Each structure stands twice: as structure tokens, then as C-alpha cells.
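What follows is the residue order along each chain.
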Amino acid sequence: MKAIPYGRQHITQEDEKAVIEALHHPYLTQGPKIDEFEEGFAKYIGSKYAVAVANGTAALHLCAIAMNVEKGQKIITTPITFAASANCVRYCGGELVFADIDPKTYLIDYNSVRKLLEEAPKGTYSGIIAVDFAGRAVDLEKFRKLADKYDLWIIEDACHAPGGYFVDNEGNKQNCGNGNFADLAIFSFHPVKHIACGEGGMITIDNKDLYERLLHLRTHGIIKDNTGETYQNSIEFAGGKGEYPLWYMEMQELGYNYRITDIQCALGLSQLKRADEGLIKRRQIAEKYFNTFEKENFIKGQSGVVEGHAYHLYIIEVEDRLGLYNHLRQHNIYAQIHYIPCHLMPYYRQFGWKEGDMPNAENYYKHCISLPMYPTLTEEEQDFVIEKVKQYYE
Ligand SMILES: Cc1ncc(COP(=O)(O)O)c(C=O)c1O
């Protein structure tokens, strides 16, 4: 059996064609494919606007800037996530406060967040970064009510969940990142994610003013205004007569080069067309894992079959996780661990976080292992993975 990774991109001939076409276009970056990808993605997710950027981490950084995170502010997030979800706060000088996870869903626990908020004077916290971990959607309707009560913003890290959703109190499907509850949401197009661009990220948003600010922040904070109305320097300074000259532009706040190329967006657009197909396949794989492992007593917990789950990952919890991990590797199956709790990374320990602070997250970390999950995983390969997992505990 050839190597089976935990996640893998799927590149078709159509994808290749799209990339080659983009390579022959006059614009390799800042061209029309970026707008097309943004429009297509916003439509898919159900948000008003989308801003494509260099990667998911850049998307998070820009969101933290857009929410005006600064030194002295406290932001709540989950310890079971990729470090980037937390790091964006540090880029802006803010402080992370971790809230424990729900041991059943593996998502940030509502009651832990509520407790933090209730036990501190109002104004102590500025925002929540909610992560649709593994592809399972956070119930943001519930979190929005809590956030409103304490005047908090919400950034939704939906890197694992394009196409995922939760069902709201009225029975409506609420797509991850659709802008109905979170102020901003972000996605990643790293190859192991649902849509692969090589590197790439997206911010989805409903607020027009913030959307425009993000466009500027993506390119150094530079504004190009055909009307000239928002320029701060005078026409005379700019070198014009009666109106601003055509070359003129202004850098009005500190931004970054977080642009994505047209080549990457052409690939993303082509992949977006197959996004639903991929989700169907991921859900079939999850169902098979679930139905098989449900009967096994070595399984202590698993992702399960959950409506709206986008299954970036399929996780099982077991005893002797190291033994299973090594056994699978011996058979060319490269399972992975998601994640080492963020609060116990040496970088975050320096702020006082220690073992025992997040019992559910730490217990989860001792047992979790992510099994291969990607649309091109064949039935034969999945059967092989299942066989080898079971074999270890026989
Ligand atoms: C939950 C989560 N947030 C953020 C990121 C960062 O995305 P990127 O790798 O595109 O910078 C990732 C990527 O691995 C992720 O899994």
C-alpha cells in the first residue's frame, strides 16, 4: 500500500488548465482572478464580501487589526487549535485567555467562556476567536448573544470548515463564515484544507466599511481614490491642477503586503467548483469511520456523524495513542495529532499558562489522533486504515 497521509490536495486537469491560463494573463497578481475568487467564495459561503489574502495567518492578523486589538486587551480563544488562531492577537500586542473545550465536541466550551465573562468586571475582555475545529461549526448564535451582553467582537476561524454549518434556533442552516453572527471570519487554502491554493487565505465579512479597510490593509494601507474625496494631502502637494493626478495614491495607515496572486486564485476558483463534491465524500468517509468504531470498546471518543460537520479532520480518542500512531506509520499510514494545546506551547507558557489549566483540552490531547480524511481517499485505503487501527488493539 502506498503512503496514506492524514490529508491531501486533489489537483485535476481542469485545475492545471486554470493555472496555465492565469500564467498567460497580463496580470500575475492584482488581476481579475482575485475578484472572481472573492465573489465566488462569498457566494458559496453566503457572506456579502470576501477579501483574498496570502494565507490564513495573514487573514487572522488583518482581522485582529480590523478589530483594533492592542496592548492590554484580553481575547478569549480555545487551546485546541493551530497556533495561528491565537498568535494574531499577539501580533497586535493583545493577551490570550484560553477557555477550555467541550470534551464531546472538541470546540471551545460555551460555559467556560460564560464563566470567564461573569467572573470579571465588564470591559475586561474585548473579543472571542471561535474556531470551527476539525470542521465542526461552533454554535455562533449562542456565542453572539453572550458577546453582545459583554460588548465583544467575534472572529470566526473557519479554516477547517468551508461548507460547514450549524442549525440555528429557528431551524435555519447557518454556514460557517456567513457573517450572520461573527464580525469577521477567515479561511485557509493550505493544501490539506478543503480548497487548495498552495498558500492562500480569505476573510468573509458583511460590514462594508470594514471590508474596504481590509482591502487597504492588504496592500500596505494604500488608498487609490478616483474621486479624491478621501485623500488627506492637498491637490497641490500631489502635483495636480484642480484635481488629483492619475498616478496619485496615499498610504493612510500601516498595512502589509498580504496579497495573493492571480495564479493561486485561478487554482482556488477551479477547486471551489468541486467544493461540495469534496464535502459529500468527506461525510461518507466520516460515516464509515463512525459506524465501524462505534462498536469498538478501545474507542474513547470520536468526531462522530454530526449535521453540518465539514470533516477537515476525523478524530478518534484512544488509550496508548503513541503505540497506535507508530503502528500506523509502520504500515505507511501517516495519522496526525491535532493539536498540542496552544496554552502549553513554550511561547504561551511564558505568560503563566501551565499544565492543569485546561483539563478537558489536556486530556483530549493525551488521546486524540486524526485518521486519514480527504476526498480522494479510496474505499480500499480507508478499509486498510480501519483494519490497521483495529489490528493494534486486538
Ligand atoms: C485553525 C487554523 N487557523 C489558522 C490557520 C493558518 O492558516 P495558514 O496556514 O493558511 O496561514 C490554520 C492552518 O493550518 C488552521 O488550521
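Cut-off values and rules
- Each chain carries its own residue numbering, running from 1 in the direction its sequence is written.
- This being a predicted model, a pLDDT of at least 70 is required before a residue's local features are given, and a value of 80 or more before pairs of side-chain atoms are given or counted; all residues contribute to the totals for chains, interfaces and linings.
- Note that water and hydrogens are dropped before the side-chain values are worked out from all heavy atoms of the structure.
- Nearness here has a simple test: a residue counts as near a molecule or strand if at least one of its heavy atoms is within 4 Å of that partner.
- Here a polar contact means two N or O atoms within 3.5 Å. Within protein one must be a hydrogen donor candidate and the other an acceptor candidate, and residues neighboring in sequence count only if both atoms are side-chain atoms.
- The secondary structure listing takes helices from DSSP runs of H or I that are at least 4 residues long and strands from runs of E that are at least 2 residues long, numbered from the N terminus.
- At least two bridges found by DSSP between two strands are what make those strands a pair.
- A fitted line through C-alpha atoms serves as each axis, taken over the contacting stretch for helices, and the angle formed by two N-to-C directions is quoted from 0 to 180°.
- Pairing of aromatic side chains here covers Phe, Tyr and the six-membered ring of Trp, requires ring centres within 6.5 Å, and sorts the geometry by plane angle: under 30 degrees stacked, over 60 edge-to-face, intermediate tilted.
- Think of it in three bands: residues with accessible area under 20% of the maximum for their type are buried, residues over 50% are exposed, and the middle band is partly exposed, with areas taken using a 1.4 Å probe on protein chains only.
- Exposure above 30% relative accessible area and no salt bridge define the residues that can form patches, which grow by joining like charges within 9 Å and nonpolar side chains of Val, Leu, Ile, Met, Phe, Trp and Tyr within 5 Å.
- Reported accessibility uses the Shrake-Rupley method at a 1.4 Å probe radius. Residues are deemed covered only where the shown protein chains occlude them.
- Any Lys or Arg side-chain nitrogen located within 4 Å of an Asp or Glu carboxyl oxygen qualifies as a salt bridge.
- Buried Ala, Val, Leu, Ile, Met, Phe, Trp, Tyr and Cys residues that are joined via side-chain atoms within 4.5 Å together make up what is termed a nonpolar core.
- The contact criterion used throughout is that any non-hydrogen atoms of two residues lie within 4.5 Å.

S.K.: What's the story with the site of the ligand in this structure? I'm lost.
M.R.: By nearness alone, 15 residues border the ligand, and Gly56, Thr57, Asp157, His160 and Ser188 come closest of all. Residue Asp157 places a side-chain N or O atom 2.7 Å away from a nitrogen atom belonging to the ligand. The separation between an oxygen atom of the ligand and a polar side-chain atom of His160 is 2.8 Å. Contributions of two or more residues to the shell around the ligand are made by helix H3 (56–66) and helix H4 (84–91).

S.K.: Whenever I open this one, the sheet that holds strand S10 (residues 201–205) confuses me. Can you help?
M.R.: Two pairing modes exist for strands in a sheet, parallel and antiparallel, and in both the strands are linked by backbone hydrogen bonds. The strand order across the open sheet built from seven strands is S2-S10-S9-S6-S5-S3-S4, with neighbouring strands paired in mixed fashion. Edge positions in the sheet fall to strand S2 (49–53) and strand S4 (95–98), since each of these pairs with one other strand and no more. In this sheet, neighbouring strand axes are inclined to one another by 25 degrees on average, regardless of whether the strands run parallel or antiparallel. When S2 meets S10, the two strands line up antiparallel, connected through five bridges. Note on S10: the bridge partner recorded for Ala52 is Met202.

S.K.: For this particular structure, what's the right way to read the environment of Pro245?
M.R.: Inspection of the secondary structure assignment puts Pro245 in the loop between helix H8 (235–238) and strand S12 (250–251). Separated by 56 residues in the primary sequence, Pro245 and Phe189 have C-alpha atoms spaced 38 Å apart.

S.K.: Can you walk me through the packing of aromatic side chains in this structure?
M.R.: Each aromatic ring pair is specified by the distance between its two centres and by the angle formed by the two planes. On inspection of all chains with the given rule, the structure shows 26 aromatic pairs. Each ring, one from Phe133 and one from Tyr364, has its centre 6.3 Å from the other, and the planes form 90 degrees; the classification is edge-to-face. Here Phe133 is found in the loop between strand S5 (125–131) and helix H6 (140–149), whereas its partner Tyr364 is found in helix H13 (residues 359–367), with 231 residues between them in sequence. Each member of the pair Phe133 and Tyr364 is classed as buried.

S.K.: Can you help me understand a nonpolar patch on the surface in this one?
M.R.: Judged by side-chain polarity, Ile20, Leu23 and Leu28 come together as a nonpolar surface patch covering roughly 260 Å² of accessible area. For Leu28, the position within the fold is in the loop between helix H1 (13–23) and helix H2 (32–45). Taking relative accessible area as the criterion, Leu28 reaches 40% and is therefore assigned partly exposed.

S.K.: Teacher, can you tell me more about the nonpolar core here?
M.R.: As a rule of thumb, nonpolar side chains are buried together in soluble globular proteins. Among the nonpolar cores identified, the biggest contains 125 residues, and Phe133 and Ile316 are the most heavily contacted of them. Here the element with the most residues in this core is H3; it accounts for eight residues. Not counting chain neighbours up to four residues away, the residues in contact with Phe133 comprise Ile80, Tyr106, Leu107, His160, Leu313, Ile315, His338, Tyr339 and Tyr364. Core analysis: the second largest hydrophobic core is formed by six residues, Tyr231, Ala238, Tyr244 and Tyr248 among them.

S.K.: Looking at this structure, I do not really get the environment of Glu253. What am I missing?
M.R.: The topology assignment puts Glu253 in the loop between S12 and helix H9 (262–272). Residue Glu253 is classed as partly exposed on the basis of its relative accessible area, which comes to 27%. A sequence separation of 37 residues divides Glu253 from His216, and the C-alpha atoms of the two residues are 8.5 Å apart. Those residues within four positions of Glu253 in sequence are excluded, and the remaining contacts are Arg213, Leu217, His220 and Gly221. Of note is the side chain of Glu253, whose polar atom sits 2.9 Å from the side chain of Arg213.

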